[in-house]
Amino acid sequence: LHRGIATAVLVALVALSWSGALDQQAQSSSNATLTRALTTYALARGLNGVISVAQGTEVAIQPVGVGLTLTPGEILDPLNDLIERFSWLALLASASLGTQMLMTELLANPWVSATLTLSAGIYLVALWWPGGASTRYVLLRLCAAMVFARFLFAAVTLVSGWVDQSLLADKQAAGMAELKLTRDQLEQAQPEAPATTESSVLERFSALIDENRQALDIDAQLSGLRERIETTIERLIELMVVFLVQTIVIPVAGLAAAYGSIKWFWRWTWREQKAVGDSANFA
């Protein structure tokens, strides 16, 4: 029964390796995640450019004949610093996802599948051949190492994609929408260049009224800008957590679990091989 189960499992793994179904699902999941990561990086760099322009902008108004110069870009300094750090993290996340995709593609090579098929075939011959138990466990370890190498990155990528779609995609979409909204509002808030043509008395009087109204409402405008910045910073921190989970937590946890599993399996085969050898010596 044990030999039959082991044979069926190895045949299924070899067939899965040649079919490439697991690799295709992993690549599809990685493509979607990588696209969102690159889009987020582009939004962050665009927002960084808009903030850089806003920081050098001065708005001059003259309420009730008193000159007043405002630099709203100074309020954006904390957001700009965080955006620059977040951009590097988003770029790192894109590079990490691209590396996972490349490793999955490399391990889906026909030569790797052929090596797995050969190792599985040799082990199955030794499994059903009478005697040679010690050699059988050596071949089992080699076959297990090939299985782990062949499906390791595909499995980690699939788990990462599942966690991303189930738990992280909504947070990432909300953060991207917030970045885009902040970028659009800052672009719209840029002051227009003053007209070079001479204006009439009525136009100058209307401009004076507009400047006074703007001065009276300046506290509300700055307060709204601060609230927008605080909300954007919160979304950025959430996005940083998302990228850290995508690029560090899940891959490292997957590799650690794979390493622990193969280490336990090798120790188990060593104990079984030693037990078989002791039984043969005793006999």
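Everything quoted here is computed from the prediction, not taken from an experiment.

Caption draft 1: Structural detail: the overall build of the chain. When helices and strands are tallied, the chain shows seven helices and two strands. In the chain, the succession of α and β elements from N to C terminus is α-α-β-β-α-α-α-α-α. Expressed as a percentage of its 283 residues, the buried residues of the chain come to 35%. A separation threshold of at least 6 residues defines the contact pool for the chain, and within that pool the share at least 24 residues apart is 86%. Working note: accessible area of the chain is about 16,600 Å², and carbon and sulfur atoms make up 66% of it.

Caption draft 2: Layout of the packing of aromatic side chains. The tally for this structure, following the rule as stated, stands at two aromatic pairs. Between Phe-86 and Phe-243 the ring centres are 5.7 Å apart and the planes differ by 45 degrees, which places this aromatic pair in the tilted class. Here the residue Phe-86 occupies a position in helix H3 (residues 77-107), and Phe-243 occupies one in helix H7 (residues 218-282), the gap between them amounting to 157 residues. For the residue pair Phe-86 and Phe-243, the accessibility class agrees, reading buried in each case. Summarising the aromatic geometry, the rings of Phe-265 and Trp-268 are spaced 5.9 Å apart at their centres and angled 35 degrees between planes, so their arrangement reads as tilted.

Caption draft 3: Summary view of a nonpolar patch on the surface. Residues Leu-244, Ile-248, Val-249 and Val-252 make up a contiguous nonpolar surface patch of about 320 Å² in total accessible area. For Ile-248, the position within the fold is in helix H7. The partly exposed category is assigned to Ile-248, whose relative accessible area is 40%.

Caption draft 4: Representation of helix H1 (residues 2-19) in the model. For H1, spanning 18 residues, the distance from its first C-alpha to its last is 26 Å, which sits close to the expected 26 Å at 1.5 Å a residue. Within the sequence span of H1, burial applies to Leu-10, Val-14 and Ser-17. The buried residues of H1 occupy an angular sector of 60 degrees when projected down its axis, which confines them to one face. Downstream of H1 by a residue or two, Gly-20 has a phi angle that is positive, lying close to 75 degrees.

Caption draft 5: Fine view of the packing of H1 against helix H4 (residues 110-128). Put simply, H1 and H4 touch, their axes get as near as 9 Å, and they point 170 degrees apart. Classified by the interaxial angle, the pair formed by H1 and H4 is roughly antiparallel. Note on packing geometry: the crossing formed by H1 with H4 is left-handed. Taking contact as the criterion, the partners of Arg-3, Gly-4, Ala-6, Thr-7, Leu-10, Leu-13, Val-14, Ser-17 and Trp-18 in H1 are, on H4, Pro-110, Ser-113, Ala-114, Leu-116, Thr-117, Ala-120, Tyr-123, Leu-124, Leu-127 and Trp-128. Here the residues of the contact of H1 with H4 are counted per class, giving 13 nonpolar, five polar and one charged.

What counts, and at which threshold
- Residues numbered from 1 in each chain as written.
- Predicted model: local features only at pLDDT ≥ 70, side-chain atom pairs only at ≥ 80, totals over all residues.
- Heavy atoms only, no water.
- Helix = DSSP H or I, 4+ residues; strand = E, 2+ residues; numbered from the N terminus.
- Buried < 20%, exposed > 50% of the residue type's maximum accessible area, 1.4 Å probe, protein only.
- Contact = heavy atoms within 4.5 Å.
- Areas by Shrake-Rupley, 256 points an atom, 1.4 Å probe, with all protein chains shown as cover.
- Phe/Tyr/Trp six-rings, centres within 6.5 Å; stacked < 30°, edge-to-face > 60°.
- Patch = residues over 30% accessible without salt bridge, like charges linked within 9 Å, V, L, I, M, F, W, Y side chains within 5 Å.
- Salt bridge = Lys/Arg side-chain N within 4 Å of Asp/Glu carboxyl O.
- Expected span 1.5 Å × (residues − 1).
- Arc of directions from axis to C-beta.
- Axes fitted to C-alpha atoms, helices over the stretch in contact; angles between N-to-C directions.
- Parallel < 35°, antiparallel > 145°, perpendicular 65-115°, else oblique.
- Left-handed = near helix turned anticlockwise from the far one by under 90°.
- Nonpolar A, V, L, I, M, F, W, Y, C, P; charged D, E, K, R; others polar.

Just distances and angles here, no functional claims.
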